[in-house]
Amino acid sequence: MKISIIDSIKSLPPLSSTIIQINKIYADENSTIKDMAKVIEHDPMIIANILKIANSPLYGFGREIKNVAQAVALFGMNMTRSIAVGNSIRKLLNVDMQPYGVTSDEFAHISSLQATLTVNWYKKIDRNKAEKLYLAAFLQETGKILIASEVIQNNEAISFASEVENSNNLAMVEKTYCGATCGEVTALVFKHWGFDDEFIDMIKYSDNPSFAPESAKEYATALNIVKTIVPINKPFSEMSINFGLKRAADAGYNTQLLEDAICNIMDALKE
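All residue numbers refer to positions counted from 1 along the written sequence of the respective chain. At least 70 in pLDDT is required for a residue's local features to be given in this predicted model, at least 80 for side-chain atom pairs to be given and counted, and no such filter applies to totals for whole chains, interfaces and linings, which use all residues. Hydrogens are left out, water is left out, and the side-chain values use all remaining heavy atoms of the structure.

> Hey, could you run me through the overall build of the chain in this one?
By the criteria applied, helices consist of DSSP H or I runs no shorter than four residues and strands consist of E runs no shorter than two, each listed in order from the N terminus. Per the secondary structure count, the chain includes 15 helices and zero strands. The globule rule puts the C-alpha radius of gyration for 271 residues at 18 Å, and the 18 Å found for the chain is close to it. Dimensions of the chain, computed from C-alpha atoms along their principal axes, come out at roughly 45 × 45 × 35 Å. Looking at the chain residue by residue over its 271 residues, the buried ones come to 51%. Here, residues are in contact when the closest pair of their heavy atoms is within 4.5 Å. A separation threshold of at least 6 residues defines the contact pool for the chain, and within that pool the share at least 24 residues apart is 64%. For the area figures, the Shrake-Rupley method with a 1.4 Å probe applies, and any residue is considered shielded solely by the protein chains shown. Accessible area of the chain: about 12700 Å², with a carbon and sulfur share of 50%. Only four residue types enter the charge count: Lys and Arg as positive, Asp and Glu as negative, with His and the chain ends excluded. In plain terms, the charge of a residue is placed at NZ if it is Lys, CZ if Arg, CG if Asp and CD if Glu. Charged side chains in the chain number 26 positive and 32 negative. The centres of these two groups are separated by 3 Å. Each radius of gyration is computed over the set of C-alpha atoms, and the globule rule expresses the reference value as 2.2 Å times the number of residues to the power 0.38. Think of it in three bands: with a 1.4 Å probe and only protein chains considered, a residue is buried below 20% of the maximum accessible area for its type, exposed above 50%, and partly exposed in between.

Okay, here's the thing in structure tokens:
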């Protein structure tokens, strides 16, 4: 990994007090959904993002969600925390995703799609694992923000964008230009911010699950399959879906469950 990226991570500002409070509430077994809603109510930006996602057809709640208490009750603490942390981190970092050929809003949407696919697929396998994976899926592409910044600073945006547009292996492109994959950069970012080791490992090895420690291998494999199906350059393309289903089959998954989750999300997107 290039020294300049490591230096960028070391100089990242701390997480906001709201996110620190949300993480504390989430870690406290005695905390309630009301406690989390109360903290979020003091942050207009987080409220706006949670309500926007709650009213997205991807979640199909069937009615308009008008306040944060409703949204938190429907999402639950884990998904609420994931949305709040994910959107706050993207606001905290300077997001210019030009080298990847997307806007910051498109990047946020793709991250949301990855998380939605993960939870819709994995809740049919193991609901507890689905909840663990949701935050990792939502945040696993965070490193792309720093990689994009590095590419821009090195005046390589045009050549990088050209390779991204035509690539079926973004991790290889990232490694060539920056000496690290997105998963490796993202893992360092969350290590800097004090996230737990299991969370860090599942993201760190998401580009190379076979190298993951046994405790993180299943999670890293699931994240790899999801980012294969919903890559930033070709989300839900026929080729991406086929590649992802092949990886799922090779890993021993029941691919029908994954296909059903893909179809449900694509139907929602059409609406």
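> Please explain the packing of aromatic side chains as it appears in this structure.
When we look at a pair of aromatic rings, we describe it by the centre distance and by the angle of the planes. The rule is short: rings of Phe, Tyr and Trp, with Trp giving its six-membered ring, pair when the centres are within 6.5 Å, and they are stacked under 30 degrees, edge-to-face over 60, tilted in between. According to the stated counting rule, one finds ten aromatic pairs in the structure shown. An angle of 85° between the planes, with centres 5.1 Å apart, marks the rings of Tyr100 and Phe160 as edge-to-face. With Tyr100 in the loop between helix 5 (68-92) and helix 6 (104-122) and Phe160 in helix 9 (residues 157-166), the pair connects residues that are 60 residues apart, well separated along the chain. Taken individually, Tyr100 and Phe160 each receive the classification buried, so the pair is uniform in this respect. Between Phe160 and Tyr177 the ring centres are 5.1 Å apart and the planes differ by 90°, which places this aromatic pair in the edge-to-face class. Taken as a pair, Phe160 in helix 9 and Tyr177 in helix 10 (residues 170-178) lie far apart in primary sequence, 17 residues in all. Its relative accessible area of 10% is what places Tyr177 among the buried residues. Cluster of aromatic residues (ring-pair linked, three or more members): Phe190, Trp193, Phe195 and Phe199.

> Whenever I open this one, the pattern of salt bridges confuses me. Can you help?
Any two side chains of opposite charge can pair, given that their charged atoms come close. In the sections that follow, a salt bridge refers to a side-chain nitrogen of Lys or Arg positioned within 4 Å of a carboxyl oxygen of Asp or Glu. Considering all chains together, one arrives at eight salt bridges under this definition. Here Lys132 and Glu198 are joined by a salt bridge, their closest N and O atoms 3.3 Å apart. Here Lys132, found in helix 7 (residues 127-139), pairs with Glu198, found in helix 12 (residues 197-204); they are 66 residues apart in sequence, far enough to count as distant. Between Glu174 and Lys144 there is a salt bridge; the shortest N-O distance is 2.9 Å. Taken together, the residues span a long stretch of sequence, with Glu174 in helix 10 and Lys144 in helix 8 (residues 143-153) at a distance of 30 residues. We classify Glu174 as buried; its relative accessible area is 1%. Of the residues examined, Lys144 reaches a relative accessible area of 3% and is grouped as buried. Several salt bridges share partner residues, and in doing so they unite Glu141, Lys144 and Glu174 into one network.

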